[in-house]
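# Examination of the molecular architecture
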Amino acid sequence: MSHSKESDELVFFVNGRKVIERNPDPEVNLLFYLRKNLHLSGTKYACGGGGCGACTVMVSRYNPKTKKIHHYPATACLVPICSLHGAAVTTVEGVGSIKTRIHPVQERLAKCHGTQCGFCSPGMVMSIYTLLRNHPEPTPDQITEALGGNLCRCTGYRPIIESGKTFCVESTLCQRKGSGKCCMDQDERSFVNKPEKICTKLYNEDEFRPFDPSQEPIFPPELIRMAEDPNKRRLTFQGERTSWIMPVTLEDVLELKASFPKAPLIMGNTAVGPSIKFKDVFYPVFISPLGLPELYFVDTIDDGVTIGAGYSLAQLNDALLFTVLEQPKEKTKTYHALLKHLRTLAGAQIRNMSTVGGHVVSRPSFSDLNPILAAGNATINLRSKEGERQIPLNSHFLERSPEADLKSEEIVLSVYIPYSTQWDFVSGLRLAQRQENASAIVNAGMSVKFEDGTNTIKDLKMFYGGVGPTVVSASQTCKQLIGRHWDDQMLSDACRLVLDEIYIPPEAKGGMVEYRRTLIISLLFKFYLKVRQELNKIDPQKFPDIPEKFMSALEDFPIETPQGLQMFECVDPRQPPQDPVGHPIMHQSAIKHATGEAVFCDDMPPIANELFLAVVTSTRAHAKIMSIETSEALALPGVVDIITADDVPGDNNYHGEVFYAQNKVICVGQIVCTVAADTYAHAKAAAKKVKITYEDIEPKIITIEQALQHNSFLSVERKIEQGNVEQAFRHVDQIIEGEVHVEGQEHFYMETQTILAIPKQEDKEMVLHLGTQFPTHVQEFVAAALNIPRNRVTCCMKRAGGAFGGKVTKPGLLGAISAVAANKTGRPIRFILERGDDMLITAGRHPLLGKYKIGFMNNGVIKAADVEYYVNGGCTPDESEMVVEFIVLKSENAYYIPHFRCRGRACKTNLPSNTAFRGFGFPQATVVVEAYVTAVASQCNLLPEEVKEINMYKRTTKTAHKQTFNPEPLRRCWKECLEKSAFYARKQAAEEFNKENYWKKRGLAVVPMKFTIGVPVTYYNQAAALVHIYLDGSVLVTHGGCELGQGLYTKMSQVASRELNIPQSYIHLSETSTITVPNASFTAGSMATDINGKAVQNACQILMARLQPVIRKNPKGKWEDWIAKAFEESISLSATGYFKGYKTNMDWEKKEGEAFPYFVYGAVCSEVEVDCLTGAHKLRRTDIFMDAAFSINPALDIGQIEGAFIQGMGLYTTEELKYSPEGVLYSRGPDDYKIPTATEIPEEFYVTLVRSRNPIAIYSSKGLGEAGMFMGCSVLLAINDAVTAARKERGLTKTFTLSSPVTPEFIRMTCVDQFTDMIPRDDPSTFTPWSIHVS
Ligand SMILES: Cc1cc2nc3c(=O)[nH]c(=O)nc-3n(C[C@H](O)[C@H](O)[C@H](O)COP(=O)(O)OP(=O)(O)OC[C@H]3O[C@@H](n4cnc5c(N)ncnc54)[C@H](O)[C@@H]3O)c2cc1C
Ligand code: FES
Ligand code: FES
């Protein structure tokens, strides 16, 4: 930070150390500052917009008025450093470190297996740590609430919450629904039927160090002195382009506001920060009145409460909670409504940063509080140099009418929220894609005031968010209803009127138009019912209650702290205690993850002379590049060079993948050029100034349907066939045909793609450090791009912050991009994709269209199936052909259909190229299978589970591609799942529930799974390892696999420990590199442990064989003695190990082959409840039975299963990628792409590893990295079951088309009722929708 103008010194503390910044730049945020200036890299970047929690830190401030220290969690990416003057920041490094002492929060997160890739872990630690600073003995609900703003893509959250729960005073074990009994008591769980062999403890809590809250660091006394200094003066921090002014008195603020009317008041910065970052808004001056006493108060008066504008939403929550406890319920109806929304508004970090004033003034269109405040007649107290005035927080204010708004020189001092009265009723209603930490799709604040003692409307207010650019009021509707009785006729008129008044045009931004229209009246209906119920409570004689069947419509789903049990086979007591195989060993990096000391690529310290790279991507889907104008960009400060296709010395188009766009672009998001500059900020600013002109090329193909119309394909058709399908169709009782659409999925690995490319001075060598699943591929692409032999390119990979298939091929492309830049500039290149760019450029899971024709008998036996699959491959081949092959080979799943034809083809479109993703096509294709099985069941009047069982593989037989297998474990998993989940009993209970509840429905589904690992090409399954023994006895193991969070290194260390018969502490794994193991295969397809394990085993066995003579001579000797002796005897202590690969093959001509080495089986049962009025759902319980054969590490395997299940659940429910009809991806961050949070996971979650044999794999284990993904489909099917129940009750018996994801929109619009019938519908030919489906 160096700029010339006069600046005051910024003083704050980080981890107890004083930081004095002489030239603080207001544009720099704390995350950047910590990582780049202070080199504290524990705090992570994953989104930059406050939506993921990876950058969580604790901020502590001293309040001189109350003399109290306030600790709160904050997302460092939204904290301007200038706002920290006088504050103390604690980062994960300040909580604990391996070098000094790890904190119990860190220790427990690690030991409870709450880290996998570890990228989210520092944020998780900080959220729990901050909670403990404020509540040393938290309740389980407080733990869940504290974690609501932290995303984890790996673990499925269960172990993270469990680690937090170990701090609760209540039993850390589960309390089954308050019964006080723990489900870990084995006799409580009927299905733990072999207690002597089944283990349920993945960690030993006796090992945990006790937590002593008195040992935490003290707040720096210097900051107390600073805060209490009576001579505080205005400070000004002068940045490169902006100034930050910190007034110390109210008068000063008002003076400044008058002088700089356009300057924002920066409070939480949660509205201003994102607008600067994502919308390119620029402010030359910021005014920061943080800490000004006049803004921080709560004042309870006779008729309401006044809250200071500086109060955070978390403080507002506390103040309201206090008031509702103090005051009678009838006075606090508005407060109750606000409290309900405050629980789910964003995450704890944002609630602690955002302020009341900021919220009210920024008026987000999705605001959860403003509609309620308006309905509750709140007023805003304003202050300017002219004096004070009040304005109502009403429709004019919310709709931003200039005459009702603040004047530019005014500030909000406070907000006054009046009490309600007996005849006032106020509610807040909302629906979001996900229950917590997701802005509402539609929300509402409604209030009604009746003439005393009657149900005659005296005043009515209805405010809606999410229906237009601002919160809007249905004031005309409300006016017309005054004087009406609160009855069904009024409701019906109100619905009609409000739909007329609030019109969402068909092409409206945000899409979901018909759904939003339906929500407008569905939420109104909920309010209507609620008020009727309240009236009835006042006078049951006068006001009849609502029908019992409608009661459940009133409440939103509660947020429960999840609980569950994990069951696995205990280690044979005869196994030597030192042998770690089979034990739930903690991830070898877990402690480092939790302390933030695990080094990810961008955590590597700066390299001398390094440059940062920013991308310029295509804004057109298919167009000629007419010109690239770079002069303006090149002239900007810090810019060193702009790199284009012309700078690629070798192949720019390699194996169909284009590095830098040349002459034309083939998708939105294709990299056209990159800018290299001295800082990322400079590179990015310059990238925005590069001007590219295009000329569109026709056709522009976005969807599968368009690709089929244009015959646009990336690969040939793949097909397998058995029996005689045509003939079979002639002999069946019934035939059904249908289509199923499954949309794509974003990997959303927490660590975006990161690359450090370092050109060496000699021999054109290039070294790349990156997070990848396939270093060999990166090496290949870089060598091709630079036109050098592969032996000049080194790719090093220590760990990746999640990958899930997204780092198989894409790092090759991005590696080439950065290596070309490094080559051209001759300087190291740091290339860190921002989240939005990552989502745009790297694409994800293939959207799929499945078409089926099924012939079956009336008893449910399926005789014939003819299924076609098309995937949207995007613009280049990538791995689309392999995805199609996997779909065709695996999609029969667990069902035997004697006459079966399955075809698949990858479509070429103008979307970014889709790629590998956990499950590789299987999770999409099997939705189609489950859809037709369910449709058959419906036609035969049977339960889907009955049809599944009837058609399931039963004995040793051949798959459709003629691979023999024994489905015994499949049958076992299925049977256990049905029995131990008590499926039939619960199904009946759900039916009873459904009879009694009209607006909420429960559904269950059980799904069997037959999955395969590996690939049908033997040489892809080969692996190598290199094991060195050093003279002190320590062992270094390297192999070709990549550590992505799955715990591969941990398992390899377990293997080496067993094979060398030494403790794991002797063994170290450092990194994967193309230098130590060349030509390694990708780490994907669930086979990394299998193949690398065999290679490591082989290397260790070679070494042990060499050592045998030495050991025989000194059998009682120690390992160290043998090694020393071996060296003296010139025995080589280094060996490569090799595994040739499983013998797999597939002959596509003959349509047969031993395609996969073995099968993984499983079964899963899920139960959900859906809210038919809003489309929300709650996952009540999931039971997974997974055939793990022998688990090398049950903690890691269960972690993979749970994590994959939750990721699958996301695919099938909340995760929805939105594209414009022009092929522009809208979903570019956590704000508009919703992966599951801790709230979405099953309330009860049981996972059982089922024992079987698998002699082909190492230690008879099975690869379980992907299998759980598909199991998330049980949630989709359970939702389908619930929705079917709703439809049946409404007289709709026709099967509806299942598709994925089953979003709230899908659920609501499929639960057809009087409200969906009432909304206006648009003729699709008359408008262009905002977004389209691409499957
Ligand atoms: C990740 C994320 C998730 C979110 N989720 C939700 C959600 O689910 N529901 C929801 O309702 N909201 C949500 N929000 C929005 C959030 O509630 C608002 O951004 C926040 O309330 C703004 O407050 P602030 O203090 O951060 O404002 P700032 O960003 O500091 O300021 C915002 C504006 O208010 C003005 N201002 C601030 N204080 C005053 C004052 N005293 N007088 C005059 N002007 C003032 C500023 O000049 C500025 O123009 C989310 C935000 C983020 C970043
Ligand atoms: S990086 Fe800050 S919240 Fe995501
Ligand atoms: S461990 Fe949470 S994101 Fe990987």
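Rules used in this analysis
- Per-chain numbering applies: the sequence of each chain, read as written, is numbered from 1 onward.
- Note on labels: chains are lettered from A, ligands numbered from 1, in written order.
- Only residues with pLDDT of at least 70 get local features here, since the model is predicted, and only at 80 or more are side-chain atom pairs given and counted; chain-wide, interface and lining totals rely on the full set of residues.
- The side-chain values count all of the structure's non-hydrogen atoms but skip hydrogen atoms and water molecules.
- One requirement defines pairing of two strands: DSSP has to find at least two bridges between them.
- By the criteria applied, helices consist of DSSP H or I runs no shorter than four residues and strands consist of E runs no shorter than two, each listed in order from the N terminus.
- As a rule, the C-alpha atoms of each element are fitted with a line to give its axis, helices using only the stretch in contact, and angles between N-to-C directions run from 0 to 180 degrees.
- Here a residue is considered near a molecule or strand provided that any single heavy atom belonging to it is located within 4 Å of it.
- Here a polar contact is taken to be a pair of N or O atoms separated by no more than 3.5 Å, where protein atoms must pair a possible hydrogen donor with a possible acceptor and residues adjacent in sequence count only if both atoms sit in side chains.
- With residues, only the protein chains shown are counted as cover, and all accessible areas are computed by Shrake-Rupley using a 1.4 Å probe.
- Each residue is assigned to one of three groups, with Ala, Val, Leu, Ile, Met, Phe, Trp, Tyr, Cys and Pro labelled nonpolar, Asp, Glu, Lys and Arg labelled charged, and all others, Gly among them, labelled polar.
- In this analysis, the protein atoms alone were mapped onto a 1 Å grid. Cavities are point sets where a 1.4 Å probe fits without being able to get out; pockets are open sets with protein on both sides within 12 Å along at least five of seven lines; lining residues have an atom within 4 Å of a point.
- Grid points are joined across faces, edges and corners, and a volume is the space filled by probe spheres set on the points.
- Sulfur atoms of two cysteines make up a disulfide when they are within 2.5 Å.
- Throughout this description, buried means an accessible area under 20% of the type-specific maximum (1.4 Å probe, protein chains only), exposed means over 50%, and partly exposed covers the range between.
- UniProt positions are given in the numbering used here, feature names are shortened, and annotations may be inferred rather than shown by experiment.
- Contacts: residue pairs with any heavy atoms within 4.5 Å of one another.

The chain is annotated in an unreviewed UniProt entry as aldehyde oxidase from Loxodonta africana.

## Details of the sheet that holds strand 8 (residues 243–246)
The strand order 7-8-9 describes an open sheet built from three strands, whose pairing is mixed. Looking at which strands have only one partner, the edges of the open sheet turn out to be strand 7 (235–238) and strand 9 (285–287). Direction aside, the axes of adjacent strands within the sheet are offset by 15° on average.

## Focus on the site of ligand 1
Neighbouring ligand 1 are 32 residues, the closest being Met-267, Thr-270, Thr-355, Asp-368 and Val-412. Residue Gly-268 places a main-chain N or O atom 2.9 Å away from an oxygen atom belonging to ligand 1. In the environment of ligand 1, an oxygen atom lies 2.6 Å from a nitrogen or oxygen atom belonging to the side chain of Thr-355. Calculation on ligand 1 without its partners gives an accessible area of 980 Å², and the protein chains cover 93% of this total. Put simply, the parts of the chain that give the shell around ligand 1 at least two residues each are helix 13 (356–362) and strand 14 (411–418). Considering each element in turn, the shell around ligand 1 owes the most residues, five residues, to helix 13. Looking at side-chain class alone, the shell around ligand 1 contains 17 nonpolar, 13 polar and two charged residues.

## Some points on empty space enclosed by the protein
It is a probe the size of a water molecule, rolled over the atoms, that shows where empty space is left. Counted according to the given criterion, the structure contains 12 cavities of 30 Å³ or more. As for the largest cavity, its lining consists of 38 residues, of which Ala-1084, Ser-1086, Gln-1200, Gly-1265 and Glu-1266 are closest to the centre. If you list the elements that add at least two residues to the lining of the largest cavity, you get helix 27 (880–890), helix 32 (1048–1060), helix 33 (1088–1113) and helix 35 (1194–1212). Partitioned by chemical class, the residues of the lining of the largest cavity number 17 nonpolar, 16 polar and five charged. Lining of the second largest cavity is provided by 19 residues; of these, Glu-657, Val-658, Lys-810, Leu-813 and Ile-841 occupy positions nearest its centre.

## Some details on the state of the cysteines
Disulfide: a covalent bond connecting the sulfur atoms of a pair of cysteines. This structure, assessed with the given rule, holds one disulfide. Paired by a disulfide, Cys-199 and Cys-570 hold their sulfur atoms 2.2 Å apart. One disulfide, between Cys-199 and Cys-570, carries an S-S torsion of 125° and so falls in the right-handed class. Of this pair, Cys-199 sits in strand 6 (residues 198–199) while Cys-570 sits in the loop between strand 19 (563–569) and helix 19 (590–595), and the two are 371 residues apart along the sequence. On the accessibility criterion, Cys-199 (22% relative accessible area) is partly exposed. Free of any disulfide, Cys-82 has its nearest cysteine sulfur in Cys-77, 16 Å distant. Residue Cys-82 is classed as buried on the basis of its relative accessible area of 0%. Not part of a disulfide, Cys-673 finds its nearest cysteine sulfur in Cys-667, a span of 15 Å.

## Structural notes on the pairing of strand 40 (residues 1023–1029)
Burial analysis of strand 40 places six of its seven residues in the buried class, the great majority of the element. The pairing of strand 40 with strand 44 (residues 1134–1139) spans six bridges and is classified as antiparallel. Following the sheet pairing, Val-1027 is matched in strand 44 by Ala-1135. Here strand 40 pairs with strand 41 (residues 1035–1039) via five bridges, running antiparallel. Bridge pairing in strand 41 links Ile-1029 to Val-1035. Count of turn residues in the strand 40/strand 41 antiparallel hairpin: five residues, of which Gly-1033 carries a positive phi of about 95°.

## Quick look at the UniProt feature "binding site: Mo-molybdopterin" (unreviewed entry) in the chain
UniProt marks Gln-773, Phe-804, Arg-918 and Gly-1085 with the feature "binding site: Mo-molybdopterin" (unreviewed entry), using the numbering shown here. Taken together, the annotated residues stretch across 313 residues yet fold into one region, lying no more than 12.2 Å apart by C-alpha. Those annotated residues that line the largest cavity are Gln-773, Phe-804, Arg-918 and Gly-1085. With respect to the secondary-structure elements, Gln-773 resides in the loop between strand 31 (766–770) and helix 24 (775–786). If we ignore the near neighbours within four places in the chain, the residues touching Gln-773 are Ala-803, Phe-804, Gly-805, Gly-806, Lys-807, Val-808, Cys-1042, Leu-1044, Phe-1082, Thr-1083 and Ala-1084. A polar contact of 3.0 Å, which involves the side chain of Gln-773, links it to the backbone nitrogen of Gly-805. Within the secondary structure, Phe-804 is located in the loop between strand 32 (793–797) and helix 25 (810–825). Note on Phe-804: relative accessible area 12%, which makes it buried. What Phe-804 contacts, discounting residues up to four positions off in sequence, is Arg-153, Cys-154, His-747, Tyr-749, Gln-773, Ala-916, Phe-917, Arg-918 and Gln-1207.

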